[in-house]
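Take a look at the letters that make up each chain.
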Amino acid sequence: MAYDITVIGAGVVGAAVAHRLRKVLPDVRLLVLEKEPKPAFHQSGRNSGVIHSGIYYKPGSLKATLCAKGREMLYEFAANENIPHDRCGKLILATESDELPRLHHLYERGLQNAIPGIKLLSAAEIQLYEPEARGVGAIHVPVTGIIDYKALTERLLALSLADIRYQTEVLKLRGHSQGYHIETTRGDYESSYVIACAGLQADRLARLDGLYPPLRVVPFRGDYYELRPEARWKVRHLIYPLPHPTYPVLGVHLTRMTDGSIEAGPNAVFAWAREVYSRTGFSLRDSIEALSFVGTWRFFLKHWREGWTEYRRAFSKRLFWRSLQRLVPSLTEEDLIPARSGIRALALTRDGRFWDDFYFVAQSRSLHVLNAPSPAATASLALAEVIVQKAIDTWQLSISVGTGGVSIHR
Ligand SMILES: Cc1cc2nc3c(=O)[nH]c(=O)nc-3n(C[C@H](O)[C@H](O)[C@H](O)COP(=O)(O)OP(=O)(O)OC[C@H]3O[C@@H](n4cnc5c(N)ncnc54)[C@H](O)[C@@H]3O)c2cc1C
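Notes on the structure in this doc start here. (Residues numbered from 1 in each chain as written. Predicted model: local features only at pLDDT ≥ 70, side-chain atom pairs only at ≥ 80, totals over all residues. Heavy atoms only, no water.)

Attention now goes to the overall build of the chain. When helices and strands are counted, the chain shows eleven helices and 22 strands. At 22 Å, the chain has a C-alpha radius of gyration in line with the 22 Å of a compact globule built from 410 residues. By its C-alpha atoms, the chain is 65 × 45 × 35 Å across when sized along the principal axes. Residues classed as buried in the chain amount to 55% of the 410 residues present. Taking the intrachain contacts of the chain between residues at least 6 apart in sequence as the baseline, contacts between residues at least 24 apart amount to 73%. Carbon and sulfur atoms form 53% of the exposed surface of the chain, whose accessible area is close to 17,200 Å². Seen as two clouds, the 51 positive and the 42 negative side-chain charges of the chain have centres 3 Å apart. (Helix = DSSP H or I, 4+ residues; strand = E, 2+ residues; numbered from the N terminus. Rg over C-alpha atoms; globule rule 2.2 N^0.38 Å. Buried < 20%, exposed > 50% of the residue type's maximum accessible area, 1.4 Å probe, protein only. Contact = heavy atoms within 4.5 Å. Areas by Shrake-Rupley, 256 points an atom, 1.4 Å probe, with all protein chains shown as cover. Lys, Arg positive; Asp, Glu negative; His and termini not counted. Charge placed at Lys NZ, Arg CZ, Asp CG, Glu CD.)

What surrounds the ligand is a group of 37 residues, the closest being Glu-34, Ser-44, Val-50, Ala-372 and Thr-378. Within the backbone of Ser-48, one N or O atom sits 3.2 Å away from a nitrogen atom of the ligand. Here an oxygen atom of the ligand sits 2.6 Å away from a polar atom, N or O, in the main chain of Ala-372. Compared with its free state, where it exposes 1,000 Å², the ligand has 97% of that area covered by protein. Those elements that provide at least two residues to the shell around the ligand are helix H1 (12-24), strand E18 (336-349) and helix H11 (376-395). No other element matches H11, which puts three residues into the shell around the ligand. Residue classes in the shell around the ligand are distributed as 17 nonpolar, 14 polar and six charged. Two domains each donate at least three residues to the shell around the ligand, and these are domain 1 (2-44 + 150-214 + 357-409) and domain 2 (90-143 + 217-349). (Near = heavy atom within 4 Å. Polar contact = N/O pair within 3.5 Å; in protein donor to acceptor, adjacent residues only side chain to side chain. Nonpolar A, V, L, I, M, F, W, Y, C, P; charged D, E, K, R; others polar. Domains from an automatic or database assignment.)

Between the first and last C-alpha of H11 there are merely 24 Å, a value that for 20 residues lags more than 12% behind the 28 Å anticipated at 1.5 Å per step. Remark: the principal bend of H11, roughly 50 degrees, maps to Ala-382. Of all the 20 residues making up H11, 14 are buried; the element is thus mostly covered by neighbouring parts of the structure. Backbone geometry just after H11 places Gln-396 at a positive phi near 50 degrees. (Expected span 1.5 Å × (residues − 1). Bend = angle between axes of the 7 residues up to and from the residue.)

The next thing to look at is the nonpolar core. Ranked by size, the top nonpolar core spans 48 residues in total, and within it Ile-5, Val-17, Leu-21, Ile-195 and Ile-387 carry the most contacts. Of all the secondary-structure elements, those providing two or more residues to this core are strand E1 (2-8), H1, strand E2 (30-33), helix H2 (62-80), helix H5 (149-160), strand E12 (187-196), strand E20 (366-371) and H11. Broken down by element, this core gets its largest block of residues, twelve residues, from H11. What Ile-195 contacts, discounting residues up to four positions off in sequence, is Ile-5, Thr-6, Val-7, Ile-8, Val-17, Leu-21, Leu-367, Ile-387, Ala-391 and Trp-395. (Core = buried A, V, L, I, M, F, W, Y, C linked by side-chain atoms within 4.5 Å.)

A few words on the packing of H1 against H11. Relative placement of two packed helices is described by the angle separating their axes and the distance separating the axes. Two elements in contact, H1 and H11, have axes separated by 8 Å at closest approach and are oriented at 50 degrees. One element, H1, and the other, H11, form an angle in the oblique class. Regarding H1 and H11, the two cross each other, and that crossing is right-handed. Contacts between H1 and H11 involve Val-12, Val-13, Ala-16, Val-17, Arg-20, Leu-21 and Val-24 from the first element and Ala-376, Ala-377, Ser-380, Leu-381, Leu-383, Ala-384, Glu-385, Ile-387, Val-388 and Ile-392 from the second. Of the residues in the contact of H1 with H11, the class split is 14 nonpolar, one polar and two charged. (Axes fitted to C-alpha atoms, helices over the stretch in contact; angles between N-to-C directions. Parallel < 35°, antiparallel > 145°, perpendicular 65-115°, else oblique. Left-handed = near helix turned anticlockwise from the far one by under 90°.)

Below, the discussion takes up the packing of aromatic side chains. Using the criterion set out here, one finds eleven aromatic pairs in the structure. A centroid spacing of 5.1 Å and a plane angle of 85 degrees characterise the contact between Phe-270 and Trp-272, whose relative ring orientation is edge-to-face. Looking at Phe-270, the relative accessible area reads 7%, which means it is buried. You can call Trp-272 partly exposed: its relative accessible area is 33%. Ring pairing ties together the aromatic residues Phe-220, Tyr-247, Phe-270, Trp-272, Trp-297, Phe-299 and Phe-300, which thus form one cluster. Sitting over the ring of Phe-41, Arg-46 keeps its end group 5.3 Å from the ring centre. (Phe/Tyr/Trp six-rings, centres within 6.5 Å; stacked < 30°, edge-to-face > 60°. Lys NZ or Arg CZ within 6 Å of the ring centre and 35° of its normal.)

What follows is about the pairing of E1. Burial within E1 is extensive, with six of its seven residues counted as buried. With four bridges joining them, E1 and E2 adopt parallel strand pairing. Bridge pairing in E2 places Ile-8 opposite Leu-33. (Pairing = 2+ DSSP bridges.)

Attention now moves to the pattern of salt bridges. What the rule picks out here adds up to 27 salt bridges. Here Glu-275 ties to Lys-35 by a salt bridge, and the two come within 2.6 Å at their closest N and O atoms. Here Glu-275, found in the loop between strand E17 (269-270) and helix H7 (284-291), pairs with Lys-35, found in the loop between E2 and strand E3 (50-51); they are 240 residues apart in sequence, far enough to count as distant. Residue Glu-275 is classed as partly exposed on the basis of its relative accessible area, which comes to 22%. With a shortest N-O distance of 2.8 Å, Arg-274 and Asp-203 are connected by a salt bridge. Placement of Arg-274 in the loop between E17 and H7 and of Asp-203 in helix H6 (residues 202-208) is noted, with a sequence separation of 71 residues between them. Each member of the pair Arg-274 and Asp-203 is classed as buried. Connected via shared salt-bridge partners are Asp-203, Arg-204, Arg-207, Arg-274, Arg-285, Asp-286 and Glu-289. (Salt bridge = Lys/Arg side-chain N within 4 Å of Asp/Glu carboxyl O.)

This is the structure:
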């Protein structure tokens, strides 16, 4: 069967795009291709499960605007569709007095980003929200929440009414005048248009399509610990440190998940494989691609100090615990049980910078989402609106309603 539009990747971004396509083009013949046996198998199902407020991002950036919009869309969608979630709020702590200027700067940024209800707290006020947390000051962010992103992804895909093919890896994209001939591990497909939302494989999919993106996906693993059940009382909701000023992570934090467990992490270390989750996971292809890219080495040179700290912490439970103990002093090393890992797609440029905003490229019959880092899960519904609109505009699709229903034309 020939399809109108094929979405590659059944993570939360691909699922949100498929859902949006069905909304604006109700009769579209829609195909979703996913190489894994189920949805949300990579980043979307291995993240911290947080609905971010949008406080951190550069005002006016896509991240800032789409996180704020997507957050509210997500709360509404989750409530309507019974997706487990909780608008529980979070604390961002300054633990030393020399961090206070950065805390105030972040608070100002939150005001510029119009984050509702944010409040600066004194050391004493912290305990009103999190009795076991300690700091010299904090920001309370009431609109932050938690959600089950796997359940969200599954629901979006179900509502998209797309034909979904799992365990079907896209190997080749051959463009022709009518669209694409798509070769996969489970047969070939014809599709007029393609939207690739391939997460950790985004740059490779772009190259399959003849694009040479100015960035390379370099994998960074994040390990989590879980609090043993008897220690869960020490954390009510979400407790974060101040983010590192230049390293692209939020710092190890404590997160209550929607199932009531408390997770601690993630750290961020260079990974030797894009999709292997053990601490010693290795892929020759992925390692060669990452280490033969000049941007990776420039990034290492710029951030060797933070990288070294993260690396030591990845292999030392004691160091991990000490980072968490700065936030909640009553946590003991025995409270922490090693848990799962996730891998972030860090998009690096040749000069060793990380691409800090969402980034997608459209051409005559395809669109590639090349960078969808955190908070892309929070922003997914709003991001999908922008992606689909960009595709429709670039492809000059028009929607016409006739006797046979709604159809799309070029
Ligand atoms: C450790 C960690 C913590 C995070 N915490 C948060 C958080 O709390 N809140 C938040 O908003 N964001 C968070 N993020 C970011 C968020 O999870 C990602 O931005 C988001 O999940 C990206 O979704 P995606 O659909 O683009 O990618 P993915 O979820 O990685 O999905 C891409 C899909 O494409 C498929 N695919 C790739 N290549 C092919 C191919 N050739 N053929 C077929 N299928 C293919 C893959 O198998 C995969 O399923 C976190 C990320 C990580 C890693």
